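One letter stands for each residue in the lines below.
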Amino acid sequence: MEEALRHQATHDALTGLPNRALLDERLGMALAAGPLALLLLDLDRFKDVNDTFGHPRGDELLAEVAARLRGVAREADTVARLGGDEFAVLLPGGVEADARTAARAIRAALEATIAVAGQPVQVGASIGVALAPVHGDDGATLLRRADVAMYAAKRAQSGIAVYEPAQDQHSLERLALVAELRHALARGGLVLHYQPKADLAGGQIRGVEALARWPHPERGPIPPDQFIPLAEATGLMAPLTEWALEAALRQNRAWADGGLVLDTAVNLSRWSLHDPALPALAAALLRRHGVPPERLCLEITEGAAMADAELTAEVLGRLAALGVRLALDDFGTGYSSLAYLARLPVHELKIDRGFARALTASATDQTIVASTIGLGHGLGLNVVTEGAEDAQTWELLRRMGCDVAQGYYLSCPLPADELERWARRPRAVA
Ligand code: C2E
Ligand code: CA
Ligand code: CA
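Just so it is clear, the structure is predicted and the values come from calculations on it, not from any experiment. (Residues numbered from 1 in each chain as written. Chains lettered and ligands numbered in written order. Predicted model: local features only at pLDDT ≥ 70, side-chain atom pairs only at ≥ 80, totals over all residues. Heavy atoms only, no water.)

Where do I start with the packing of aromatic side chains in this structure?
Aromatic ring pairs are described here by two measures, namely the spacing of the ring centres and the angle between the planes. Throughout the structure, instances matching the rule amount to 3 aromatic pairs. Taking 5.9 Å as the distance between ring centres and 90° as the angle between the ring planes, the aromatic pair formed by W214 and F227 counts as edge-to-face. Of the two residues, W214 is situated in strand β9 (residues 205-216) and F227 in helix α8 (residues 224-233); the sequence distance between them amounts to 13 residues. The same class applies to W214 and to F227, which are both buried. Centre to centre, the rings of W394 and Y409 are 5.4 Å apart; their planes meet at 55°, and the pair counts as tilted. Taken together, the positions of W394 in helix α16 (residues 391-399) and Y409 in the loop between β16 (404-406) and β17 (414-415) put the pair 15 residues apart, joining distant regions of the chain. Taking the relative accessible area as the measure of exposure, W394 reaches 3% and is therefore buried. Take Y409: its relative accessible area is 36%, and that puts it in the partly exposed class. (Phe/Tyr/Trp six-rings, centres within 6.5 Å; stacked < 30°, edge-to-face > 60°. Helix = DSSP H or I, 4+ residues; strand = E, 2+ residues; numbered from the N terminus. Buried < 20%, exposed > 50% of the residue type's maximum accessible area, 1.4 Å probe, protein only.)

This is how it looks when you write it as structure tokens:
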């Protein structure tokens, strides 16, 4: 009985692995005995899996990951689950070379796909390494530094990083950046650029996609791929979305007043779809700027729409009821349930720019794009392809029957005044 209780208190119920408490204990013992290596790993796409397939399937995946980790560890090592999709591996006596070997073995073990609900899923892992005594001589410091290294591994996309003091600097910089982003949002430091989309058949300009830009006064332009995830991680997404909607609708109205009638698309983050206040906000902003709802399109990524299906369907339903158009962005990169897709109140599929990149050279991509166009049309949706960079791709998309295209071939995203000049310029059909 006592034995069973102790096991329960020191092990994770889902995977049967040692938990944080037991890891701390073993860390203490290993530290007293000599050098050691601590690996901290975090699964790269676990949240998507959990959101898409549900928690029970997410749990199955975690159990399989745990089994694979145990499979590569030696007898003397401790594989622990720290919670969520975070695991740790303690290598008593380990030096940097051992840690790197173990990290590579773990990544290799996770390379084979895992069947989740019958679908092959690949979850990568980012691994941070801290070594004792070089990086610290107590458990808490080592865990913290392994965590800093893990974020460096994620950032570098190398998958594996050994702690370096410069990485701490980076986390400080990240903190500073969050404060600056908050400041920029409050003081009008962000701007929207607009990228046009055109009808493939006739070449008319249909509308624009509003894309956020952060011209940082000291650091130079910071790309959205950096500050959007930062906003998502720090609760700044709601104010950013509100700002983008307000700025885009204000601009849409100003153009319309000058005789330039365009549809405007605004991107929503996955968190916006969890925000029950969003439909009312959109309605209020449309009214304030006198923009007809059908002139606004909201882009949500396929991954976000499939996540938390119930919640998403509710917010999307209310947005659609306003008369706003909805587009599924980055289509082809998530795990769509086609049955669910058919029920979503969306109007447009935006095929991910990854498929346009090598379209003319890749027969596979051509098949995927052609099938997606067929699927979209079959469901009565407008199909857009983004990332069309040259005339050949454009022409191929036209021949495949795609409705609308967007990409550098037509124009890159432009500041509002340049977009206006561009749109008013007489041109040959795109
Ligand atoms: P996205 O929604 O898929 O936006 C399209 C991205 O593709 C833009 O990158 C655009 O500049 C780029 N692009 C356009 N044409 C081409 C092309 O021909 N070739 C290539 N290689 N790329 C092309 P950008 O502006 O860097 O935005 C990146 C992502 O940041 C966006 O991806 C979107 O997910 C996010 N984002 C941008 N602004 C906002 C915003 O206001 N709110 C939210 N929630 N997300 C935003
Ligand atoms: Ca988009
Ligand atoms: Ca996209």
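Read on, since the account is not over.
Would you mind showing me how to read the pairing of strand β13 (residues 325-331) here?
For a regular strand, side chains alternate in direction, first toward one face of the sheet and then toward the other. The element β13 is largely enclosed, with a buried count of 5 among its 7 residues. In this sheet, β13 lies alongside strand β12 (residues 296-301) in parallel orientation, the contact comprising 5 bridges. The partner of E299 across the bridge, within β13, is A327. Where β13 meets strand β14 (residues 348-351), 3 bridges bridge the pair, whose relative direction is parallel. Across the sheet, the residue bridging to F331 is I351, located in β14. After leaving β13, the chain enters helix α13 (residues 338-343) and then returns to the sheet as β14, a path that is right-handed. (Pairing = 2+ DSSP bridges. Right-handed = clockwise from strand over helix to strand, strands pointing away.)

Explain the site of ligand 1 here, please?
The environment of ligand 1 is made up of 23 residues, and the closest members are Q195, R213, R353, E389 and Y408. In this structure, A212 approaches ligand 1 through a main-chain N or O atom, which is 3.0 Å from a nitrogen atom. Within the side chain of N267, one N or O atom sits 3.1 Å away from an oxygen atom of ligand 1. Coverage of ligand 1 by the protein chains reaches 87% of its 810 Å² of free accessible surface. Elements with a contribution of two residues or more to the shell around ligand 1: β9, α8, α9 (237-257) and β13. If one sorts the elements of the shell around ligand 1 by residue count, β9 sits on top with 4 residues. Taken together, the residues that form the shell around ligand 1 break down as 10 nonpolar, 5 polar and 8 charged. (Near = heavy atom within 4 Å. Polar contact = N/O pair within 3.5 Å; in protein donor to acceptor, adjacent residues only side chain to side chain. Areas by Shrake-Rupley, 256 points an atom, 1.4 Å probe, with all protein chains shown as cover. Nonpolar A, V, L, I, M, F, W, Y, C, P; charged D, E, K, R; others polar.)

Explain the coordination of the calcium ion (ligand 3) to me, please; I cannot follow it from the model alone.
Each donor-metal-donor angle in an ideal tetrahedron of four donors is 109.5 degrees, and each such angle in an ideal octahedron of six donors is either 90 or 180 degrees. Distances from the calcium ion (ligand 3) to its protein donors, D329 (OD), D330 (OD), E386 (OE) and E386 (OE), fall within 2.0 to 2.9 Å. Taken in sequence order, the residues that donate to the calcium ion (ligand 3) follow the motif D-D-x55-E. (Donors = N, O, S within 2.8 Å, 3.2 Å for Na, K, Ca; no water.)

It is not clear to me how the state of the cysteines should be interpreted in this structure. Could you clarify?
By definition, a disulfide links the sulfur atoms of two cysteine residues through a covalent bond. What the rule picks out here adds up to 0 disulfides. Free cysteine C297: the closest other cysteine sulfur is in C402, separated by 14 Å. (Disulfide = S-S within 2.5 Å.)

Explain the coordination of the calcium ion (ligand 2) to me, please; I cannot follow it from the model alone.
Listed as protein donors to the calcium ion (ligand 2) are E209 (OE), N267 (OD1), E299 (OE) and D329 (OD); their distances from the metal cover 2.2 to 2.3 Å. Binding-site remark: the calcium ion (ligand 2) is held by donors from one chain whose sequence spacing is E-x57-N-x31-E-x29-D. Between the calcium ion (ligand 2) and the calcium ion (ligand 3), the interatomic distance is 4.1 Å, and D329 donates to each metal, bridging them. Of this pair, E299 sits in strand β12 while D329 sits in strand β13, placing them 30 residues apart in sequence. Note on accessibility: E299 and D329 belong to one class, buried.

Got a minute to help me understand α8 in this structure?
At 3.6 residues per turn, the α-helix brings residues three or four places apart onto the same side. Buried residues of α8: F227, L230 and A231, and no others. Burial along α8 is one-sided: seen end-on, the buried residues are contained in an arc of 100°. The exposed residues of α8 that point more than 90 degrees off its buried face are D225 and A233. Elements in contact with the buried residues of α8: α7 (165-186), β9, β10 (220-222) and α9. Note on α8: the residue one or two positions beyond its end, G235, has a positive phi of about 75°. (Arc of directions from axis to C-beta. Contact = heavy atoms within 4.5 Å.)

Just to check I follow, could you spell out the packing of helix α3 (residues 46-53) against helix α4 (residues 55-72) for this structure?
Packed helices, taken two at a time, are described by their axes: the angle between them and the distance between them. With their axes 6 Å apart at the nearest point, α3 and α4 run at an angle of 140° to one another. Judged by the inter-axis angle, α3 sits oblique to α4. The residues of α4 that touch α3, namely those facing F46, V49, N50 and F53, are H55, R57, G58, L61 and L62. Of the residues in the contact of α3 with α4, the class split is 5 nonpolar, 3 polar and 1 charged. (Axes fitted to C-alpha atoms, helices over the stretch in contact; angles between N-to-C directions. Parallel < 35°, antiparallel > 145°, perpendicular 65-115°, else oblique.)

What exactly am I supposed to notice about the environment of C297 here?
Relative to the helices and strands, C297 resides in strand β12. Among the residues examined, C297 registers a relative accessible area of 6% and is labelled buried. C-alpha of C297 to C-alpha of A320: the two residues are 23 residues apart in sequence and 9.9 Å apart in space. Non-local contacts of C297, meaning those with residues more than four positions away in its chain, are made with T264, A265, V266, R325, L326, A327 and E348.

Please clarify how the pattern of salt bridges should be interpreted in this entry.
Should the charged atoms of two oppositely charged side chains come close, the side chains can pair. Scanning the model with the defined rule gives 27 salt bridges in all. Notably, a salt bridge pairs E386 with K350, separated by 3.7 Å at the nearest N-O pair. Of the two residues, E386 sits in the loop between β15 (382-385) and α16 while K350 sits in strand β14, which places them 36 residues apart along the sequence. Take E386 and K350: they sit in the same class, and that class is buried. Salt bridges linked by common partners bring K197, E209, E299, R325, E348, K350 and E386 together as one network. (Salt bridge = Lys/Arg side-chain N within 4 Å of Asp/Glu carboxyl O.)

Please clarify how the nonpolar core should be interpreted in this entry.
Nonpolar side chains tend toward joint burial in soluble globular proteins. Judged by nonpolar contacts, the single largest core of 74 residues is most densely connected at Y194, L298 and L319. A per-element tally of this core places α9 first, with 8 residues. Setting aside residues up to four positions removed in sequence, Y194 forms contacts with V208, E209, A210, A247, A248, Q251, W255, C412, P413, L414, A416 and L419. Within the second largest apolar cluster, 32 residues are counted, among which are L61, V121, A125 and L131. (Core = buried A, V, L, I, M, F, W, Y, C linked by side-chain atoms within 4.5 Å.)

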